[in-house]
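Structural characterization, general
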Amino acid sequence: MSKKHYDVLVVGGGMVGAALAAALGLHGITVAIFDQKMPEPFSAEALPDIRVSALSQASEALLQKVGAWSRMQSMRMCPYRKMAVWEKLEHSFSQHFNQTLFDAADAHFEQLGFIVENRVTQLGLLEALKDNGSVDLHCPVTIEHINLSGQQPELILQDGRAFTGELLVGADGAQSRVREQAGIRLETSEYAQQCFVATVEIAGGQQDITWQAFTPTGPEAFLPLPDINGRSYASVVWYHQPEPIRRLMLLANQHRTDELIDEIVTTFPGELPEIKALHECSYFPLARRHAATYYKPGVVLVGDAAHTINPLAGQGVNLGFQDVAWLAQHLFDAKKQQRNPGSVDVLAGYEKARRKDNLLMMSTMDAFYYTFSNNSLPLKLARNAMLAIAGKNRLAVTQVMKYAMGVSGKKPEWLLQ
């Protein structure tokens with residue numbers, strides 16, 4: 001059987017893989033993208049999905065550039081203009097004296113970012129791919145074999161079709177088959193906490209603030225979601241040790257919804273709006289993972305295939321989109337210079353552009369995790385003093401805010417054109 005050849009083969013049609021395919025296709029690089037399952041079609045009447053992301057300004061710019069953002073806007077998303085962080089204390093001398101508040105108005109922006117259902121982002125990207133003549137989406141398909149022993153990466157599907165490319169991209173998530181096939185080692189550390197997530201209906205209208213209250217057992221967090229048919233929704237995120245998380249899920253599985261809501265309301269800070277109903281909940285373990293290298297000759301990793309971080313600040317997919325932005329830049333440069341996109345020098349440039357920033361964000365999230373999980377009195381006094389001082393230093397807060405939004409620092413040239 002003949003093999004169809006592309007410049008780039010992308011395994012994984014989720015948010016990061018689809019964004020990369022869309023970016024490359026816009027610049028005439030031929031791409032085949034493969035996934036096992038299409039997302040469910042969007043329905044404006046449906047309740048919010050439980051899997052959501054806080055998309056930064058930098059991610060918005062990328063999604064605008066590849067033609068997905070307007071399609072996502074036509075579905076739904078929720079802007080958030082403020083983000084508050086504090087440690088929940090048993091006795092506060094004043095209402096959150098230790099709070100740091102990030103307000104988009106202080107940096108002269110309309111919002112800090114948008115809370116968007118992952119499926120909405122993926123659907124917007126897949127719609128954009130339909131207009132992209134350089135990209136072929138193969139979905140649903142099952143990959144039977146990945147062959148990296150020849151001169152070019154090769155994929156063979158279960159139905160017998162075969163594809164080759166100059167470069168194989170692993171955008172297939174934390175359990176990446178591409179990473180495993182390439183023999184790239186993964187450094188993993190498990191956190192003591194797990195994460196319970198619930199989609200709830202709330203009173204009081206659509207919120208424009210997201211907040212995290214730190215406790216020794218993990219943060220209690222609130223993310224606003226868009227209104228649907230006059231009803232308001234939010235995502236409640238509760239980090240805790242495994243046994244309490246199991247107890248929450250037991251209440252959910254036994255349909256003891258009133259008890260579960262009562263647990264949330266009595267534990268979370270008073271800032272939590274009134275919960276009118278609980279619609280869906282789930283949980284997941286927390287782990288930090290980092291690939292020992294992002295590439296081998298002819299193979300490269302992006303997004304969760306290369307790194308996963310503690311989700312404290314919701315930066316996971318934003319890091320993945322920055323991987324996309326910089327890998328695309330290096331592949332565009334290679335095309336101009338007529339270099340092989342799978343060559344080591346091209347891929348090493350991408351890793352150099354991303355590894356340090358990814359590691360910095362991972363280390364920052366770990367610092368928050370370990371600092372606030374420690375109940376030592378001197379450390380508690382120090383961190384609350386730090387939060388109180390930081391909350392009063394508007395210049396420092398604004399600089400941190402701009403970094404988190406992705407509006408400061410160096411940017412790939414193609415996004416500025």
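Above this text sits the structure in question.
Summary of the structure given here. Along each chain, residues carry numbers from 1 onward, in the same order as the chain's sequence is written. Predicted model: local features are reported for residues with pLDDT of at least 70 only, side-chain atom pairs are reported and counted for 80 or more only, and whole-chain, interface and lining totals are derived from all residues. Side-chain measures were taken over the full set of non-hydrogen atoms in the model, leaving aside hydrogen atoms and water.

1. A closer look at the overall build of the protein
The helix and strand labels rest on DSSP assignments: H or I over at least four residues marks a helix, E over at least two residues marks a strand, and numbering proceeds from the N terminus. In terms of regular secondary structure, the protein is built from 12 helices and 19 strands. In this analysis, two residues are considered to be in contact whenever any of their non-hydrogen atoms come within 4.5 Å of each other. For the protein, the share of sequence-separated contacts (at least 6 apart) that also reach a separation of at least 24 residues comes to 74%. Throughout, the Shrake-Rupley method with a 1.4 Å probe supplies accessible areas, and for residues the shown protein chains are the sole cover considered. Approximately 18,600 Å² of the protein is accessible, and the part contributed by carbon and sulfur atoms is 52%.

2. Let's talk about the packing of aromatic side chains
Any two rings among Phe, Tyr and Trp, with Trp reduced to its six-membered ring, count as a pair given centres within 6.5 Å; such a pair is stacked if its planes are under 30 degrees apart, edge-to-face if over 60, and tilted if neither. Within the structure shown, the criterion is met by nine aromatic pairs. Ring geometry for Phe 34 and Phe 163: centres 5.0 Å apart, planes at 70 degrees, overall edge-to-face. Of this pair, Phe 34 sits in strand 2 (residues 31–34) while Phe 163 sits in strand 11 (residues 162–170), placing them 129 residues apart in sequence. Between the aromatic rings of Trp 238 and Phe 268, the centroid separation amounts to 5.5 Å while the plane-to-plane angle is 85 degrees, which identifies the pairing as edge-to-face. Of this pair, Trp 238 sits in strand 15 (residues 231–240) while Phe 268 sits in the loop between helix 7 (257–267) and strand 16 (275–291), and the two are 30 residues apart along the sequence. Comparing Trp 238 with Phe 268 shows no difference in burial state: the two are buried. Accessibility here uses a 1.4 Å probe with only protein chains present; expressed as a share of the type maximum, an area under 20% marks a residue as buried, one over 50% as exposed, and anything in between as partly exposed.

3. Digging into the pairing of strand 14 (residues 220–228)
Here strand 14 lies mainly inside the structure; eight of its nine residues are buried. The antiparallel pairing of strand 13 (residues 209–214) with strand 14 creates a hairpin that spans five residues between the two strands, and Gly 218 there sits at a positive phi of about 130 degrees. A pair of strands counts as paired when DSSP detects no fewer than two bridges linking them. The pairing of strand 14 with strand 15 spans seven bridges and is classified as antiparallel. Paired with Ile 228 across the two strands is Arg 231, which belongs to strand 15.

4. Overview of helix 8 (residues 316–336)
For helix 8, with 21 residues, the first-to-last C-alpha span of 31 Å sits near the 30 Å given by 1.5 Å per residue. Counting buried positions along helix 8 gives 17 out of 21 residues, so the element sits mostly inside the fold. Phi turns positive, to about 55 degrees, at Gln 338, one or two residues after helix 8. Given a helix with a known number of residues, its expected span is that number minus one, times 1.5 Å.

5. A short note on the packing of helix 1 (residues 15–26) against helix 8
Fitting a line to C-alpha atoms yields each axis, with helices limited to the stretch in contact; the angle taken between N-to-C directions then spans 0 to 180 degrees. Following both chains from N to C, one finds helix 1 and helix 8 inclined at 25 degrees, their axes separated by 9 Å at the closest point. Judged on the interaxial angle alone, helix 8 and helix 1 are roughly parallel. When the axes of helix 1 and helix 8 are compared, the crossing they make is right-handed. For the pair helix 1 and helix 8, the contacting residues are Met 15, Val 16, Ala 19, Leu 20, Ala 23 and Leu 24 in the first and Val 317, Gly 320, Phe 321, Val 324, Leu 327, Ala 328, Leu 331 and Phe 332 in the second. Its residues placed into classes, the contact of helix 1 with helix 8 shows 13 nonpolar, one polar and no charged. By definition in this entry, angles of less than 35 degrees are roughly parallel, angles greater than 145 are roughly antiparallel, angles of 65 to 115 are roughly perpendicular, and the rest are oblique. If you view the pair so one helix is near and one far, a crossing is left-handed when the near helix is turned anticlockwise from the far one by less than a right angle, and right-handed when it is turned clockwise. Note on residue categories: nonpolar means Ala, Val, Leu, Ile, Met, Phe, Trp, Tyr, Cys or Pro, charged means Asp, Glu, Lys or Arg, and polar means any other residue, Gly included.

6. Brief notes about the sheet that holds strand 4 (residues 78–80)
Pairing between sheet strands relies on hydrogen bonds along the backbone, with the strands arranged either parallel or antiparallel. On the basis of which strands lie adjacent, the open sheet formed by three strands has the order 3-7-4 and antiparallel pairing. The open sheet has two free edges, formed respectively by strand 3 (52–56) and strand 4, since each of these has just one partner strand. Neighbour to neighbour, the strand axes of the sheet diverge by 30 degrees on average, direction disregarded. Direction of pairing for strand 4 relative to strand 7 (residues 113–117): antiparallel, over a ladder of three bridges. Paired with Pro 79 across the two strands is Phe 114, which belongs to strand 7. Each of strand 3 and strand 7 is contacted by helix 2 (residues 57–65), which is oriented at about 90 degrees to strand 3, the strand it contacts most.

7. Topic: the nonpolar core
We call a set of buried Ala, Val, Leu, Ile, Met, Phe, Trp, Tyr and Cys residues a nonpolar core when their side-chain atoms join them within 4.5 Å. By size, the foremost hydrophobic cluster in this structure holds 73 residues, and its most contacted members are Leu 24, Phe 34 and Met 72. Residues in contact with Phe 34, not counting those within four places in the same chain, are Leu 9, Val 10, Val 11, Gly 12, Gly 13, His 138, Val 141, Ile 143, Leu 155, Leu 157 and Phe 163. Counting 26 residues, the second largest nonpolar core, distinct from the first, contains Leu 251, Ile 261, Ile 264 and Leu 272.

8. Here's the deal with the side chain of Ser 232
Secondary-structure assignment places Ser 232 in strand 15. Its relative accessible area of 6% is what places Ser 232 among the buried residues. Nitrogen and oxygen atoms within 3.5 Å of one another constitute a polar contact, given that in protein one can donate a hydrogen and the other can accept it, and given that sequence-neighbouring residues count only through two side-chain atoms. A polar contact is formed between the side chain of Ser 232 and the backbone nitrogen of Gln 206, at a distance of 3.3 Å. Polar side-chain contacts of Ser 232 include one of 2.8 Å to the side chain of Asp 227. Beyond its immediate sequence surroundings of up to four residues, Ser 232 is in contact with Val 200, Glu 201, Ile 202, Gly 205, Gln 206 and Asp 227.

9. Brief notes about the packing of helix 2 against helix 8
Remark: helix 2 packs on helix 8, axes separated minimally by 9 Å, with the N-to-C direction vectors making an angle of 45 degrees. Looking at the two axes, helix 2 sits oblique to helix 8. Relative to helix 8, the crossing made by helix 2 is left-handed. Counted together, Ala 58, Ser 59, Leu 62 and Leu 63 of helix 2 and Asn 318, Phe 321, Gln 322 and Val 324 of helix 8 form the full contact between these two elements. When its residues are assigned to classes, the contact of helix 2 with helix 8 shows five nonpolar, three polar and no charged.

10. Looking at the pattern of salt bridges
Counted as salt bridges are all cases of a side-chain nitrogen of Lys or Arg within 4 Å of a carboxyl oxygen of Asp or Glu. Counted by the stated rule, this structure contains 18 salt bridges. With a closest N to O distance of 3.6 Å, Glu 187 and Arg 185 form a salt bridge. By relative accessible area, Glu 187 is classed as partly exposed at 37%. Between Arg 339 and Asp 345 there is a salt bridge whose closest N-O contact spans 2.9 Å. Within the structure, one salt-bridge network assembled from shared partners comprises Glu 201, Arg 231 and Lys 276.

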